[in-house]
Amino acid sequence: MSSDPSERPTQHPPLPAEDLPAGAGDEPAPAEHAHADADSGLTRTRAAAMWSALAGGFLVLIVLLIFIAQNTESARFQFLGWHWSLPLGVAILGSAVCGGLLAVAVGTARMYQLRRAARKNARTRSQR
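Predicted, not measured: the structure shown is a model, and the values here were computed from it. (Residues numbered from 1 in each chain as written. Predicted model: local features only at pLDDT ≥ 70, side-chain atom pairs only at ≥ 80, totals over all residues. Heavy atoms only, no water.)

Colleague: Help me understand the overall build of the protein chain, please; the structure alone is not making it clear to me.
Modeller: For the protein chain, the helix and strand inventory stands at two helices and two strands. Its helices and strands in sequence order give the protein chain the pattern α-β-β-α, from N to C terminus. Of all 128 residues assigned to the protein chain, the portion counted as buried reaches 2%. Within the protein chain, contacts between residues separated by at least 24 positions form 9% of all contacts whose residues are at least 6 apart in sequence. Put simply, the protein chain shows about 12,100 Å² of open surface, and 63% of that area lies on carbon and sulfur atoms. (Helix = DSSP H or I, 4+ residues; strand = E, 2+ residues; numbered from the N terminus. Buried < 20%, exposed > 50% of the residue type's maximum accessible area, 1.4 Å probe, protein only. Contact = heavy atoms within 4.5 Å. Areas by Shrake-Rupley, 256 points an atom, 1.4 Å probe, with all protein chains shown as cover.)

Structure representation (structure tokens):
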């Protein structure tokens with residue numbers, strides 16, 4: 001440790017309980033560097049997050065491929081007068097993909113609404 005005062009972390013004396021705002025002592029204080037690695041002091045980068053997401057995505061893909069390979073028995077389906085048969089794993093995967101696309105569509109519509117409201121709010125503030 002160095003004796004230089006500029007390198008030492010500043011410590012403030014604790015406030016008396018009557019000076020604390022209501023509920024201030026109930027929650028732990030946020031970490032000074034939320035994205036820092038505790039051992040090395042390095043911060044996480046976007047590339048590291050992307051790499052982790054890709055690795056997780058590949059693991060999910062492998063599990064899905066195993067699921068499809070093990071569920072190859074054909075099943076009959078009917079929808080609005082259409083009749084077809086597909087392997088069960090492919091049908092379930094297709095349903096999951098359609099559900100994901102529906103969620104993306106709803107999320108996109110909501111983001112569009114929020115952006116439009118934010119622009120309207122910004123225009124209103126600038127006219128004041």
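Colleague: When you look at the packing of aromatic side chains in this model, what are you seeing that I'm missing?
Modeller: Centre distance and the angle of the planes are the two values used to describe a pair of aromatic rings. The full count for this structure, using the stated rule, is two aromatic pairs. Judged by centre distance (6.2 Å) and plane angle (25°), the ring pair of F77 and W84 falls under stacked. Between F79 and W82, the ring centres sit 6.5 Å apart and the planes meet at 45°, which makes this aromatic pair tilted. In this structure F79 comes out as partly exposed when scored by relative accessible area, which is 48%. On the accessibility criterion, W82 (56% relative accessible area) is exposed. (Phe/Tyr/Trp six-rings, centres within 6.5 Å; stacked < 30°, edge-to-face > 60°.)

Colleague: Which parts of the structure should I look at to understand unusual backbone geometry?
Modeller: What you tend to see is this: most non-glycine residues have negative phi, and most peptide bonds are trans. Of note in this structure, L80 is not a glycine but carries a positive phi near 50°. When you line up the elements, L80 lands in the loop between β1 (74–79) and β2 (82–87). Judged by its relative accessible area of 70%, L80 falls in the exposed class.

Colleague: Would you mind going over the UniProt feature "transmembrane region" (unreviewed entry) in the protein chain with me for this structure?
Modeller: In the numbering used here, UniProt assigns the "transmembrane region" (unreviewed entry) feature to residues 48–68 and 88–109. Note that residues 48–68 is 100% helix and 0% strand, and that its end C-alpha atoms are spaced 30 Å apart. (UniProt positions renumbered as here; feature names shortened; annotations may be inferred.)

Colleague: Hey, could you run me through the pairing of β1 in this one?
Modeller: A regular strand places its side chains on the two faces of the sheet in alternate fashion. Pairing of β1 with β2 involves six bridges; the strand directions are antiparallel. For S74, the partnering residue across the bridge sits in β2 and is P87. Linking β1 to β2, which pair antiparallel, is a turn of two residues; within it L80 sits at a positive phi near 50°. (Pairing = 2+ DSSP bridges.)

Colleague: Explain a positive patch on the surface to me, please; I cannot follow it from the model alone.
Modeller: A cluster of basic residues, R115, R116, R119, K120 and R123, forms a positive patch at the surface. Examined against the element boundaries, R116 turns out to sit in helix α2 (residues 88–127). Residue R116 is classed as partly exposed on the basis of its relative accessible area of 46%. (Patch = residues over 30% accessible without salt bridge, like charges linked within 9 Å, V, L, I, M, F, W, Y side chains within 5 Å. Salt bridge = Lys/Arg side-chain N within 4 Å of Asp/Glu carboxyl O. Lys, Arg positive; Asp, Glu negative; His and termini not counted. Charge placed at Lys NZ, Arg CZ, Asp CG, Glu CD.)

Colleague: How do you make sense of a nonpolar patch on the surface when you look at a structure like this?
Modeller: Nonpolar side chains collect at one region of the surface, where M50, W51, L54, F58, L61 and L65 lie side by side and expose about 700 Å² of accessible area between them. Secondary-structure assignment places F58 in helix α1 (residues 46–70). Here F58 falls in the exposed class, since its relative accessible area comes to 51%.

Colleague: What exactly am I supposed to notice about the environment of F77 here?
Modeller: For F77, the location among the structural elements is in strand β1. Counting along the chain gives 14 residues from F77 to A91, while the straight-line C-alpha distance between them is 9.1 Å. Apart from residues lying up to four places away in sequence, F77 is in contact with W82, H83, W84, L86 and A91.

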